[in-house]
2 protein chains.
Amino acid sequence: MNRTEDSDALAQQVLAIAQNARAASLVLATTPTAAKNAALERLAQLLQSHSAELLDANAQDLAEASTNGLSAAQIDRLTLSTERLEKLAHSVREVAALPDPVGEIIDESTRPNGLHLRRLRVPIGVIGIIYEARPNVTIDCAILCLKSGNAAILRGGKECFHTNTALAALITRALADTGLPAAAAQLIPTTDRAALTHLLKLDSHIHCIIPRGGESLIRFVTAHSTIPVIKHYNGVCFVYVDAAADLAMAQRILVNAKTQRPGVCNAAEQLLVHHSIAATFLPAAARALREAAAVELRCDPASAALLAAADIPHLAATDADYRTEFLSQTLAIRIVEDLETAIATINRDSSGHTETIITADRAAAQRFQAAVDSAAVLWNASTRFSDGFEFGLGAEIGISTDRLHARGPMGLRELCSYKWIGDGSGQIRA
Amino acid sequence: MNRTEDSDALAQQVLAIAQNARAASLVLATTPTAAKNAALERLAQLLQSHSAELLDANAQDLAEASTNGLSAAQIDRLTLSTERLEKLAHSVREVAALPDPVGEIIDESTRPNGLHLRRLRVPIGVIGIIYEARPNVTIDCAILCLKSGNAAILRGGKECFHTNTALAALITRALADTGLPAAAAQLIPTTDRAALTHLLKLDSHIHCIIPRGGESLIRFVTAHSTIPVIKHYNGVCFVYVDAAADLAMAQRILVNAKTQRPGVCNAAEQLLVHHSIAATFLPAAARALREAAAVELRCDPASAALLAAADIPHLAATDADYRTEFLSQTLAIRIVEDLETAIATINRDSSGHTETIITADRAAAQRFQAAVDSAAVLWNASTRFSDGFEFGLGAEIGISTDRLHARGPMGLRELCSYKWIGDGSGQIRA
C-alpha cells in the first residue's frame, strides 16, 4: 500500500470503531444496572486472575520506557504490580457498588394542557477519552463510562501501549462473558497521531471528548475536534489569607494545600496575604513551609522584604510565576491591599480550578465566594479537598475547568445527559 | 493600511470586545436581580420611544435586501414594524418578570469531615451568539444573557446590519442609563467573516458559542471554534403511529405536527406507520393532510401502493428524503414492520430533536421513550410542543441537539453554569 491507501485504511478503521461504539451505546442506554454491574464484577475477577499477563505486557512498556524518554515519575506511574492490580480490581468493584445515575428523574411537571413532562438522566452516548501514559486511566475511564451507560473509545499514549492492549483485552472479555456488546469499550489499536485526528472529526458518531493529560495534548484536541470537548486544564490554585484570618488555621491549611501532595492539580501554587497581617503571618508560615517540605518561596518585593528581614531563604518571583502550576514544592507569594484586590488578582491569574479564603469574617468569605469565578471556592478549608471523592461523588473521571455541562469534579452523573419525556393524551398545538 | 495591518487591526478590535465582555461578566455575576431587571425595563421603554429610528435603520436593510438576494420569507423575517417593536418591548418585559436563575442552590451536602458543600447556579460568563438575518434575535439573546448574568457578544448577519446596529445602540444606552457595564452586551461592528474567525479562537475570554442559523453557519462555527459550542442543528422529527394507536388521535396529531407551522424545527417531517394499521390509517390520514395544507407525500413502495389504491396523489421518496428537514408542506412516509424497526429507523435517520409515538399501549410507549435517543420523546402529543415556552421554561434561546450541558429547549437555567461553594472550619486533608 502507498501512503494514501494507508491513510484511507486508518480512517476506515477509526470510523468502524466509532460506528460500532455508536451501535453499542444504543444497547447500553437501556441495559439494566445489574447487567452493567455483572460486567464490572467479571472485569475485577479477570484483573486478578490475569495479573501475570498484565505484568508481562507492562514489562514490555517498561523496557521501552527509557527509549521513550520517560522521567522517573512517569515510569513510576506506568509501572503495574500485583498490589496495584489488586487496587485496580478493588476500584472496579467500588464503581459497581455506586448508584446507577441512568434513569434518575431530574425534574417533572404537568403543563396546563395536561402534558406530563420529565427530564430523565440518560447516558451521553459515545465518549472518547484521550490520555497519556497511566494504565489505570484505561480501566478508570472504561468502568465509569460503562456504569453510566456510555460507550467508550479509549486512545492511550504509546508509552503504555502494551499494557493498555492487555487491559483492553480483559475489558472486551468481561463484556463478552456477561452478554454486553464488545464495542461498549474499545481501545484504538494504534497510537498514530493521524488516527486521533480522524477520530476528532467523527461528530456524528461520537458525542463527547475528554482529554486527560498535559496542556499540549488538551490544546491539540481542542484545536482539532469538531466533537464537544470537556477540558481538564491545570490547577493554578490560590490560598488567600484575609485580614481576619485565624493565623494558626491559615498556616495549617496553607502547609496542607501546598505540601500534602504537590504534584496534583488541586495543590496550592499561589499565596495572597492581606497586607495588615503579612508581617505577623508570613515569616511563621514561610518557616513552616520550609520545615514541612523545603518549599521554594518566590516572592513579590513586599513579601521578599518581610522574609529577608526574618532571614528566610526566598527568590524574587517573575511575572510568569504568578500564573504557573508548579506541581512541585514551589509557592509564589504576593501581599495584597485588600479583599477586592485579592479577588481581582485571582480572577485575572487563576486557572479557575479551586481557591480558598482563610478568614473569620463571614461577610468577607461570602463576598470572596460570590465574586471569585472558579469551579470550587472554599472557605477555611484546604484546596486539596476539591476532588470527586472528597466532594462525595463516589468517583471521578476528571475535574472540569470548563463552564459548560460540568464544572469541577466530574463523577457518574456528569457523564450523563438528559432527555425530555412527555406523556400526552392527544394534545395538539393551537 | 495594507492587508496585514487591516487584519491585525480587526483582530485587536475583536480581542478588545472579548476582554471588555469578560470584565463586564465579572460585574454581572454579582449584579442583583433588581438591577438587571431595571436595565431590561429601560430597554423596553427605549424600544418603544425610538421606534422611528429603528424603522429607519430597518428600511436601509430592506432597501438592500434584494441586492443581498433575500427570499420573500427572509425579507418578512427581517422586516420591523411598530407592531413588531411593541411585541419586542413586551417580550423584554416578560423576561424581566421571569425568576432569576443565578444563585439558585442546585444541591448541598455536609461531608463527614464537616465541610459544607453547595452547588450554586452562576452565569456561564461570556457567551458569543452567531446568527443570521433576524433582528429579534439581537434583542432576544441580549436580554436572556443579561437576565442570566452573562455578557453577550452578538454577531449578526450582514442582511440585518443597520437594524442590529440601531438595536445595539439602544441596548448600550439601557445598560448605561441603569449603571450596568456597557460591555455587558456588544455587537461586533462588522460582518467581515475574518472577525468571526478571530472571535472563535478567543477561548480564554469567551466561554460558550451559540450559533443560530442554517447548517452551513453551524458547521463553519463548529469547525473553527476552540470555544465550546452548543449546537442547534435541524429537526428531522418523526411521528410513529403504532399498531395500538387511536387512529383518530393519530390523524389529529399528525396533521398538527406537519401543518400547523411547517417552517419550524419541531414540525414533523417523517411518518412511520405500523404495517398492521397502515391500510386503515394511511389513506384517511393522507386525505386529511392533503385537505389541511396540500401536503406533498413522499412514499416508500408499501405506502405508495396504499395511496395509489385510494387514488391519493403522492411521489416516490428518495433515500435522502428519509433524512430531510423539509421545512415545508412535505412529508416522507414509510411503513415499518414493528416497534423495534421504528425505533432503529429513528435512531439511524433522525436528527435527535423530537419524536412522538401514537399508541394506546403503555408498554410500547415506554419502550419507545426509553430507546429513542432524541432530546424530546413524546407519547400521544404533537412534536410541535417541543419548545422552551411549551415546556415551561418561560423563555428560549434555542433548542440544543447536543448532549452536553443542555439538550432540547434552552431557557435561562441552561444559560448558567454552577460552582462549588465549600464552607469549612479549618479542614485539612490527611
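In this convention, every chain numbers its residues from 1, walking through the sequence in written order. Labels are handed out in written order, letters beginning with A for the chains and numbers beginning with 1 for the ligands. Two thresholds apply to this predicted model, a pLDDT of at least 70 for residue-level local features and 80 or more for giving and counting side-chain atom pairs, whereas whole-chain, interface and lining totals are computed over all residues. Only heavy atoms go into the side-chain values, all of them from the structure, while hydrogens and water stay out.

- As annotated in an unreviewed UniProt entry, chain A is Gamma-glutamyl phosphate reductase from Cephaloticoccus primus.
- Its UniProt record gives chain A the following Subcellular location (unreviewed entry) comment, quoted word for word: "Cytoplasm".
- UniProt positions are given in the numbering used here, feature names are shortened, and annotations may be inferred rather than shown by experiment. We quote the UniProt Pathway (unreviewed entry) comment for chain A here in full: "Amino-acid biosynthesis; L-proline biosynthesis; L-glutamate 5-semialdehyde from L-glutamate: step 2/2."

## Observations regarding the side chain of His50 of chain A
Residue and element names in this part refer to chain A.
Okay, so step 1: Under the scheme used here, helices are H or I runs from DSSP no shorter than 4 residues and strands are E runs no shorter than 2 residues, and both carry numbers assigned from the N terminus. Along the chain, His50 turns up in the loop between α2 (33-49) and α3 (51-65).
Okay, so step 2: Two N or O atoms count as a polar contact when they lie within 3.5 Å, although within protein this holds only if one can serve as hydrogen donor and the other as acceptor, and sequence-adjacent residues are included solely when both atoms are side-chain atoms. At 3.1 Å, the side chain of His50 and the side chain of Arg173 are in polar contact.
Okay, so step 3: Residues in contact with His50, not counting those within four places in the same chain, are Leu170 and Arg173. In this analysis, two residues are considered to be in contact whenever any of their non-hydrogen atoms come within 4.5 Å of each other.

## What to know about the domain arrangement of chain A
Okay, so step 1: Where each domain begins and ends is defined by an automated method or by a domain database. Here chain A is partitioned into domain 1 (10-231 + 409-422) and domain 2 (237-390).
Okay, so step 2: A C-alpha centroid distance of 36 Å is found between domain 1 of chain A and domain 2 of chain A.

## Considerations on the UniProt feature "domain: Aldehyde dehydrogenase" (unreviewed entry) in chain A
Okay, so step 1: What UniProt calls "domain: Aldehyde dehydrogenase" (unreviewed entry) maps, in this numbering, to residues 9-291 of chain A.
Okay, so step 2: Between the first and last C-alpha atoms of residues 9-291 of chain A the distance is 58 Å; the span itself is 54% helix and 16% strand.

## Examining the relation of the copies chain A and chain B
In summary, the two copies of the chain are related to each other by a rotation about an axis coupled with a shift along it.
Okay, so step 1: Note on the copies: chain A fits chain B at an RMSD of 0.0 Å, the axial shift is 0.0 Å, and the rotation between them is 180°. A rotation of that kind, with that shift, is consistent with a two-fold axis. In terms of C-alpha distance to the rotation axis, chain A has His405 of chain A as its closest residue, with the C-alpha 1.7 Å off the axis.
Okay, so step 2: When the interface residues of chain A are mapped onto chain B, 100% of them again lie at the interface, so the same face is used by both copies. Only residues with pLDDT of at least 70 in both copies count here: their C-alpha atoms drive the least-squares fit that superposes the copies.

## Digging into the packing of α2 of chain A against helix α7 (residues 161-177) of chain A
All names here are of chain A.
Okay, so step 1: Every axis corresponds to a line fitted to the C-alpha atoms, with the helix fit spanning only the stretch in contact, and the corresponding angles, defined between N-to-C directions, vary from 0 to 180 degrees. Where α2 meets α7, the axes come as close as 8 Å, and the angle between the chain directions of the two elements is 135°. When the interaxial angle is binned, α2 and α7 end up oblique. Relative to α7, the crossing made by α2 is right-handed. On α7, the residues touching Ala39, Arg42, Leu43, Leu46 and Leu47 of α2 are Leu167, Leu170, Ile171, Arg173, Ala174 and Asp177.
Okay, so step 2: Looking at the contact of α2 with α7 residue by residue, the class counts come to eight nonpolar, no polar and three charged. Relative orientations are named as follows: roughly parallel for angles under 35 degrees, roughly antiparallel for angles over 145 degrees, roughly perpendicular for angles from 65 to 115 degrees, and oblique for any other angle. We call a crossing left-handed when the near helix sits turned anticlockwise from the far one by less than a right angle, and right-handed when that turn is clockwise. Amino acids outside the nonpolar list (Ala, Val, Leu, Ile, Met, Phe, Trp, Tyr, Cys, Pro) and the charged list (Asp, Glu, Lys, Arg) are all regarded as polar, and Gly is one of them.

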